[in-house]
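A look at the structure
So you can see what is in the structure, the chains are spelled out below.
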Amino acid sequence: MRQRFTMLLLVALSLAALAATIAPGVGGAIAAAPKSAPKSAPATRADASVNFPTVDPSYIYDQLFTMVTKYQRREAGYDNNLPVNVNGHDEFAAYWQAEMLRDLQGFGAQARRDTFQVAGWRGRPATTPAFNVEVTVPGVTHAEQVVVIGCHYDGEASSTQSANDDGSGCAIELGVAKALATYWRANHVYPARTLRFVIYDAEEQGIYGSFHYVNQTINGDSANIVAMLNEEQNGIGYPLRFLGKTSNPLLPTTLLMTPLTDNAAYEDTQSLGPAQVQAITSFRALMTQAAPAAFAAFRALGDGSLTYYDDQHHPVTQQIFTPQDLQYTQEADDNLGGSDNYPFALAGLPTATFIGNYSYYDQNPPPWSYPYDQPQDTIQLMNVYASGSEAEAKALEFSLALPGMLTTWALAQPAVLGFTPADGKPVAAISDIATTQPDAAISLDASASYDPAQPDAALSYHWTFGDGSQAQGVATQHAWASVGDYPLTLTVSDAAGSRTITKTIQVTGAPEVIRNPYQGNPQNGIPQANPAMTLPQPAASSGATSVGSLAPSTGTPWWLWAVLAAVGLLALGTIGFGVSMARKPALSTAAGVASPAAEAERQRREQAVRSLLTPRPPDDAPPDRVDRGE
């Protein structure tokens with residue numbers, strides 16, 4: 001029996017390998033995009049002429065590949081401890097959080113999950129709450145002021161990888177974090193203001209995660225938000241040409257900004273106050289400088305050319321990130337109102353959304369329109385759009401990196417996040433401040449506070465609330481008795497010194513709530529494909545790329561698939577019978593209930609998955625006390 005079982009297993013595995021070899025590159029839930037050999041750790045991307053953090057395109061691509069191929073079908077509100085191959089929602093969030101904390105080690109980063117209720121898809125009630133994940137890096141000199149970087153990580157009910165929309169944004173956030181921390185360590189500086197990285201949930205169901213964040217999580221703190229940067233469906237933008245062909249135009253990457261005049265998505269801009277108009281106007285003016293700086297940085301780092309192909313598939317190297325190409329990275333008013341920047345912009349805050357192609361659902365879409373929110377949205381298809389092949393494409397790497405570079409440039413500006421040396425004192429940080437109403441207690445914590453020189457130093461915390469009350473400890477709760485403005489003060493101390501920060505708390509009987517226009521209009525989670533679009537197939541060995549539906553066929557005769565399927569099923573059926581007979585006493589009881597051995601095996605597999613989520617040590621140590629000149 002053992003020899004027969006082994007032979008059948010070898011037959012089945014051989015058939016599986018043969019099928020995998022000739023199987024099509026459909027961007028489904030199982031296939032993984034061909035990937036180049038693992039890279040050695042790249043040298044730090046730095047150039048003396050670049051004075052801001054620069055992202056690593058390969059790191060962003062690798063993170064996107066890892067997250068969207070391992071953690072698929074990320075439906076918000078349904079991952080009630082489901083296996084990762086059924087719903088990878090929670091595992092994706094855990095991996096992102098762990099990687100973010102690893103990238104930011106040494107800078108006091110703290111993570112929190114912010115849960116909220118969702119209804120679910122139409123006709124399919126949600127079974128568990130959704131949650132946003134927030135990672136905070138406290139500022140040194142103006143910790144009370146906050147910059148938010150956001151994207152969403154959930155998908156449609158019919159989604160598989162959701163690579164472009166919006167796995168790309170989650171990978172770009174990681175790339176930004178890694179670039180910032182690398183720069184901070186090398187230059188012995190820290191963020192001046194507080195930075196919050198957030199991945200929002202339930203965006204596809206109605207932008208619920210970011211509306212919850214604005215209306216509940218930070219409702220009492222919105223006046224301290226300096227700007228919100230939103231990483232939305234990138235990768236199919238500059239410097240990508242559809243299929244990598246010179247005959248196709250360069251695709252743009254657009255910066256959608258908070259508008260100052262009404263449009264279809266914003267119908268009340270006239271109600272913005274003078275201070276809001278000034279802040280939005282200044283931010284928009286500042287961001288016009290982002291693309292020239294980012295283009296110059298790419299070229300300084302040696303990324304000034306890219307190889308495309310002519311119609312005969314001859315390589316053609318062209319210059320990229322040139323001043324002439326700045327036309328492909330332009331600002332525009334946000335007239336979509338369909339992403340996580342929307343509630344921030346409706347609240348009158350400066351926002352910038354970085355977005356690639358989004359023409360798929362147009363009535364007459366151009367052939368390079370990418371099928372976001374469709375099952376075919378995978379990293380395989382993104383590579384095909386970039387080069388005609390499923391292999392890792394340099395054009396895709398650069399297109400993913402450009403929004404990250406625009407973001408790091410913006411954060412380096414003193415008017416946005418800004419950087420500053422440490423001054424020998426501990427850093428004081430206050431958590432998000434929720435809705436503040438009379439007699440309604442809110443929770444406050446200072447767990448993100450730390451001493452850069454002595455990260456393990458014991459800290460003491462003293463709170464005053466502006467109404468005569470005081471408290472001690474890293475966490476506290478407080479309720480103000482009446483409407484009014486109150487100075488909330490936190491003093492953090494250790495043996496090296498102390499630091500005090502103050503926020504003005506506006507206690508009101510009617511907190512501002514931003515209306516979500518998508519509320520009460522549940523979707524079914526299965527967006528209809530655009531019949532006007534024909535998706536490309538990956539390139540054949542000749543290098544030619546055909547355009548046709550991305551169906552599970554690349555020219556392999558149907559009868560060969562039928563024979564393989566029949567033989568495979570026969571072999572697997574025999575194996576399954578042998579396994580069930582050999583392991584039945586160990587894995588089940590007479591009543592059909594899992595035995596202790598089965599439960600132990602289940603726990604082992606779960607632990608194996610969880611082990612992937614453990615943060616690794618940082619690539620570089622944070623700057624020490626001597627290097628900061630203390």
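A brief structural summary. (Residues numbered from 1 in each chain as written. Predicted model: local features only at pLDDT ≥ 70, side-chain atom pairs only at ≥ 80, totals over all residues. Heavy atoms only, no water.)

Strand order in the open sheet made by the four strands is β17-β16-β19-β20, with antiparallel pairing throughout. Taken across any chain shown, the strands that pair with only one partner, and hence form the sheet edges, are β17 (470-472) and β20 (497-507). The sheet shows a mean angle of 15° between the axes of neighbouring strands, taken without regard to direction. When strand β16 (residues 460-464) meets strand β19 (residues 484-494), the two strands line up antiparallel, connected through five bridges. In the sheet register, His-462 faces β19, and the bridge partner there is Thr-491. (Pairing = 2+ DSSP bridges. Helix = DSSP H or I, 4+ residues; strand = E, 2+ residues; numbered from the N terminus. Axes fitted to C-alpha atoms, helices over the stretch in contact; angles between N-to-C directions.)

The next point concerns the state of the cysteines. One way to say it: the disulfide is the covalent bond shared by the sulfur atoms of two cysteines. By the definition in use, this model includes zero disulfides. Counting only cysteine sulfurs, Cys-170 is the nearest neighbor of Cys-151, a cysteine outside any disulfide, at a range of 3.4 Å. Cys-170 sits in the buried class, given a relative accessible area of 0%. (Disulfide = S-S within 2.5 Å. Buried < 20%, exposed > 50% of the residue type's maximum accessible area, 1.4 Å probe, protein only.)

On to helix α8 (residues 290-300). Here α8 has its buried residues at Ala-290, Ala-291, Ala-293, Ala-294, Phe-295, Ala-297 and Phe-298. Buried residues along α8 sit in contact with α7 (274-287) and α11 (394-412). In the stretch just after α8, Gly-302 is the one whose phi turns positive, near 90°. (Contact = heavy atoms within 4.5 Å.)

Moving on, we get to the pattern of salt bridges. A full pass over the atoms with the stated rule returns 10 salt bridges. Among the salt bridges present, the one from Asp-114 reaches Arg-112, with a minimum N-O distance of 3.9 Å. A residue is classified by how much of its surface remains accessible, and Asp-114, at 10% relative accessible area, is buried. Close ionic contact of Asp-432 with Arg-196 constitutes a salt bridge, the shortest N to O distance being 2.9 Å. A residue pair is termed long-range when its members are at least 10 positions apart, and Asp-432 in the loop between β14 (419-420) and β15 (442-445) and Arg-196 in strand β7 (residues 193-200) qualify at 236 residues. Since its relative accessible area comes to 4%, Asp-432 is described here as buried. Taken together, the shared-partner salt bridges in this structure form one network comprising Arg-112, Asp-114, Arg-196 and Asp-432. (Salt bridge = Lys/Arg side-chain N within 4 Å of Asp/Glu carboxyl O.)

Moving on: unusual backbone geometry. Across the junction of Asp-165 and Asp-166, the peptide omega takes the value 5°, indicating a cis bond. Looking at where Asp-166 falls in the secondary structure, it is placed in helix α4 (residues 163-187). Here the bond from Tyr-238 into Pro-239 is cis, since omega is 5°, no more than 30 degrees from zero. Its location among the elements puts Pro-239 in the loop between β8 (225-232) and β9 (254-257). The residue Phe-321 is not glycine, and still its phi comes out positive at about 55°. Among the secondary structure elements, Phe-321 is positioned in the loop between β11 (315-319) and β12 (331-333).

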